[in-house]
Amino acid sequence: MPITLNHYLTLSAILFTIGMVGIVIRRNILMILLSMEILLNAANLAFVAFSRALGNLDGQVFVFFTITVAAAEVAVGLALVVVIYRSQRITDANDLRSLKW
Amino acid sequence: MIQAITFYSFALLCVVTALVVIMARHPITSVLNLVLCMFSLAGLFVLCEAYFVAAIQVIVYAGAVMVLFLFVVMLLGLQKEELSKLKTWTLQGAGAVVGVLFLVQWYMTMTDHSASFFQPVASLPGNIENIGKLLFTKFLLPFEVSSVLLLAAIIGAIVLAKKEQK
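No experiment lies behind these values; they were computed from the predicted model shown. (Residues numbered from 1 in each chain as written. Chains lettered and ligands numbered in written order. Predicted model: local features only at pLDDT ≥ 70, side-chain atom pairs only at ≥ 80, totals over all residues. Heavy atoms only, no water.)

### Some details on the side chain of T17 of chain A
Looking at the element boundaries, T17 of chain A is found in helix α1 (residues 5-25). The exposure class assigned to T17 of chain A is buried, which follows from its relative accessible area of 9%. With residues near it in sequence (within four places) discarded, T17 of chain A still touches V98, G99 and F102 of chain B. (Helix = DSSP H or I, 4+ residues; strand = E, 2+ residues; numbered from the N terminus. Buried < 20%, exposed > 50% of the residue type's maximum accessible area, 1.4 Å probe, protein only. Contact = heavy atoms within 4.5 Å.)

### A word on helix α3 (residues 58-88) of chain A
It helps to recall that an α-helix has 3.6 residues per turn; residues three or four apart then point in one direction. The end-to-end C-alpha distance of α3 of chain A, which contains 31 residues, comes to 44 Å, matching closely the 45 Å that a straight helix rising 1.5 Å per residue would cover. Among the residues trailing α3 of chain A, R89 of chain A stands out with phi positive, at a value near 60°. (Expected span 1.5 Å × (residues − 1).)

### Considerations on unusual backbone geometry
All names here are of chain B. For E49, which is not glycine, the phi torsion reads 65° and is therefore positive. Positionally, E49 belongs in the loop between α2 (27-47) and α3 (51-76). Classification of E49 by relative accessible area gives partly exposed; the value is 26%.

### Things to note about helix α6 (residues 128-137) of chain B
Among all positions of α6 of chain B, only N130, I131, L134 and L135 of chain B are buried. Buried residues of α6 of chain B fall within an arc of 130° about the axis and therefore sit on the same side. Turned more than 90 degrees from where α6 of chain B packs its buried face, I128, E129, K133 and T137 of chain B sit exposed. For α6 of chain B, the secondary structure elements touched by its buried residues are α3 of chain A together with α3 and α7 (140-161) of chain B. (Arc of directions from axis to C-beta.)

### A short note on the confidence of the model for chain B
Residues and elements named next belong to chain B. Mean pLDDT over chain B stands at 85; residues scoring 70 or higher make up 86%. The least confident element of chain B, judged by mean pLDDT, is helix α4 (residues 83-86) at 50; the most confident is α2 at 95. Interface confidence in the predicted complex, given as ipTM, is 0.91; pTM for the same model is 0.87. (pLDDT = per-residue confidence, 0-100.)

### Here's the deal with the pattern of salt bridges
For the structure on display, the rule yields two salt bridges over all chains. Among the salt bridges present, the one from D58 of chain A reaches K138 of chain B, with a minimum N-O distance of 2.6 Å. Taken together, the residues D58 of chain A in helix α3 and K138 of chain B in the loop between α6 and α7 connect one chain to another. Take D58 of chain A: its relative accessible area is 18%, and that puts it in the buried class. In this structure, the salt-bridge partner of E129 of chain B is K133 of chain B, at a minimum N-O distance of 3.5 Å. Taken together, the residues span about one helical turn, with E129 of chain B and K133 of chain B both in helix α6 at a distance of four residues. (Salt bridge = Lys/Arg side-chain N within 4 Å of Asp/Glu carboxyl O.)

### Focus: the packing of aromatic side chains
According to the stated counting rule, one finds seven aromatic pairs over all chains in the structure shown. A centroid spacing of 4.9 Å and a plane angle of 35° characterise the contact between F47 of chain A and F62 of chain A, whose relative ring orientation is tilted. Here F62 of chain A lies in helix α3 and F47 of chain A lies in helix α2 (residues 29-54), a separation of 15 residues in the sequence. Taking relative accessible area as the criterion, F47 of chain A reaches 30% and is therefore assigned partly exposed. Classification of F62 of chain A by relative accessible area gives partly exposed; the value is 41%. Ring-pair connections join several aromatic residues into one group, and the members of that group are F64 and F65 of chain A together with F52 and F139 of chain B. (Phe/Tyr/Trp six-rings, centres within 6.5 Å; stacked < 30°, edge-to-face > 60°.)

And the structure:
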């Protein structure tokens, strides 16, 4: 059976599911951020698959921007995690209850 | 035939490593498996003739972003997560509901035959020249704005994480 667009979309949906379940069941903040990366990669795969199926390169340019935005978001997110850990020694997401400490 | 073998092996590697990422107890295991997941995704991108995006994925995503994660995990000195902290019944139930919903979506994708483009059409390969042509004409504004975004992220990360001056 030749590899069609549906195969790529199925794989993207499975990866997205895994990422979502990871965000829900994990308690450590860093692991939640890691599961978000799986989500972003699943979306990138869907973009590239559609770009190939439609014969248009716009999807791949959008993946370029998605990777850029993901890198910026990870940098700021990890800086926040480092600041929180430095002041409060918290790594559990459930312990972050107040905006001011 | 070779395409099918390649696709299925990369896809299997991707799914298995992603499952290990969300289920591993030690954070380093999760991070390193995510690096492997990104490499297998880069292989899938090459299979879709998206060569530039595959290279960017390996260099930027797996090479810079994940290394940053690894730095922070080692900086914080995280230990193995307690197994009892990982699984409470509400969290498991929520995870199962999310999983079922998206598997339903997968089923609907697989049985939907209304789309007219099943086979990938012949198109321009996604090498640097073709993407560059698009990036500097049609997507010029997002390109310039993303450079401002990266500047903001750099400044934000440094301001947030630098130590207080006494």
